[in-house]
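Analysis of the macromolecular model
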Amino acid sequence: MIEQDSLTPLEAYLASLKPRSPKLDRDGLMFLAGQASVTYCPTYRTSSFRPVMLSALVAAAVTLAVVTATQSGARIVGSMAAAAQSEPSQERSAPRPTATVAAATGADSLGPVVVWLIGSPPAETSATDSDPNLLRQLKQMLQEEAGVRGPKVEGRSPKAEGQSKRTEAPNSRLQSLIPNP
Amino acid sequence: MTRIGQELLAKMLDEHGPALVLYARQWCDAPEDVVQEAFIGLLRQPREVNNVVGWLYRVVRNGAINASRKASRRWRHETSAAHRGEPWFESRNGQKRDAELLVEVMQQLPIEQRETIVARLWGGRSWEEIAELTDTSTSTAHRRFQTALAALRERFPDR
């Protein structure tokens, strides 16, 4: 309110007339005020507490998920590789499991989840399995070797000795065709 | 900055409610509704309000003007609102006649002078606040006040 001393007598008299009391819903306003005071929290509203906390929790959850997936994947691959080494004959007959394939291709470092997502990579194949020309050459050489040697007879003739020397040449060729591991 | 609690709201209702209703009455015929809405808007403010009383006067002014525009009776609406039967002031001993005379004189004043004199005398607003409220300069607000006061002085010669 303005100070009464600064008013003229007329202004002071007019100001002394009180405006009529309004018919306001006082209880409703009080209820709203109480409601607003309960829901209002200046710390949360003015600070960036909630976004920072949410970001930190999301980052922690993602990190934990990646670490857990990687470690469990490596553990599974290790155990399956050990089992495969202890039973080599069964491994040949049985289909190769996905985890073992992943271990062979290096996908085990990403974990089983990634292997499951991207699918199992093609199984390793040797050079002899994949190259039909090489197979054909090998087969031809083996046939030649089998046809030249024939059955072993004691007291071979000098002619037979010469033939046995000639058979060593295909063996050396065979060795050269087999790729080194 | 202030956040409105129940105690502060009660104090503001007692101190500024009647003057706000009188201020809104200069435009519309339902001033209580306008003031009520203004207080509700204040309580629902997401941010803290710096000058709560000044904010209330501005919201009440805008609400009263909007209410008067919405009314279908545009013909001299300010004057017709002033002619309503509801008394503007409380009737005390020996002041009833003066209160009626005051209302009668104010009804004949332009709305700019009326709102200035109400905001100054019963609202207790400073010249700067009135100027900001009415979008004018302080000198214009002061001039309007003096003009209205001169008209009132003619009707209250012994005061």
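For the structure itself, consult the block above.
As a starting point, this report considers the structure included with it. (Residues numbered from 1 in each chain as written. Chains lettered and ligands numbered in written order. Predicted model: local features only at pLDDT ≥ 70, side-chain atom pairs only at ≥ 80, totals over all residues. Heavy atoms only, no water.)

1. A word on the overall build of chain B
Let me state the cut-off plainly: Strands are runs of DSSP state E lasting at least two residues, helices are runs of H or I lasting at least four, and both sets are numbered from the N terminus onward. Residue burial is assigned from relative accessible area. The probe radius is 1.4 Å, only protein chains are included, and a residue is buried under 20% of its type maximum, exposed over 50%, and partly exposed in between. In this analysis, two residues are considered to be in contact whenever any of their non-hydrogen atoms come within 4.5 Å of each other.
A count of helices and strands for chain B gives eight helices and zero strands. Starting at the N terminus and walking to the C terminus, you meet the elements of chain B as α-α-α-α-α-α-α-α. Among the 159 residues that make up chain B, the fraction classed as buried is 52%. Here the contacts in chain B between residues at least 6 apart in sequence split such that 67% fall between residues at least 24 apart.

2. Remarks on the interface of chain B and chain A
A common way to state how big an interface is: give the accessible area lost once the parts meet. To be explicit about the condition: Buried area, as used here, totals the accessible surface that two parts lose on assembly, with accessibility defined by a 1.4 Å probe and the loss added over both. By convention in these notes, a salt bridge is any Lys or Arg side-chain nitrogen within 4 Å of a carboxyl oxygen on Asp or Glu. Between N or O atoms, a polar contact is any pair within 3.5 Å; within protein, one atom must be a potential hydrogen donor and the other a potential acceptor, and residues adjacent in sequence are included only when both atoms are from side chains.
Listed per partner, the contact involves 45 residues of chain B and 27 residues of chain A. Looking at the side of chain B facing chain A, the largest losses of area belong to Gln 36, Leu 121 and Arg 159 of chain B, adding up to 15% of the total buried there. Inspection of the region where chain B meets chain A yields two salt bridges. Ionic pairing is found between Asp 14 of chain B and Arg 26 of chain A, a salt bridge with its closest N-O pair at 2.9 Å. Taken together, the connections running from chain B to chain A amount to ten residue pairs in polar contact (both at pLDDT 80 or more).

3. Some points on the pattern of salt bridges
According to the stated counting rule, one finds seven salt bridges over all chains in the structure shown. Among the ionic pairs, Arg 20 of chain A bridges to Glu 32 of chain B, the shortest N-O distance being 3.7 Å. Taken as a pair, Arg 20 of chain A in the loop between α1 (9-16) and α2 (26-39) and Glu 32 of chain B in helix α2 (residues 31-43) lie in two separate chains rather than in one. Judged by its relative accessible area of 15%, Arg 20 of chain A falls in the buried class. Looking at Glu 32 of chain B, the relative accessible area reads 13%, which means it is buried.

4. As for the side chain of Glu 115 of chain B
Residue and element names in this part refer to chain B. With respect to the secondary-structure elements, Glu 115 resides in helix α6 (residues 111-122). Taking the relative accessible area as the measure of exposure, Glu 115 reaches 3% and is therefore buried. Those residues within four positions of Glu 115 in sequence are excluded, and the remaining contacts are Tyr 23, Trp 27, Arg 61 and Thr 134.

So yeah, pure geometry; function would need other evidence.
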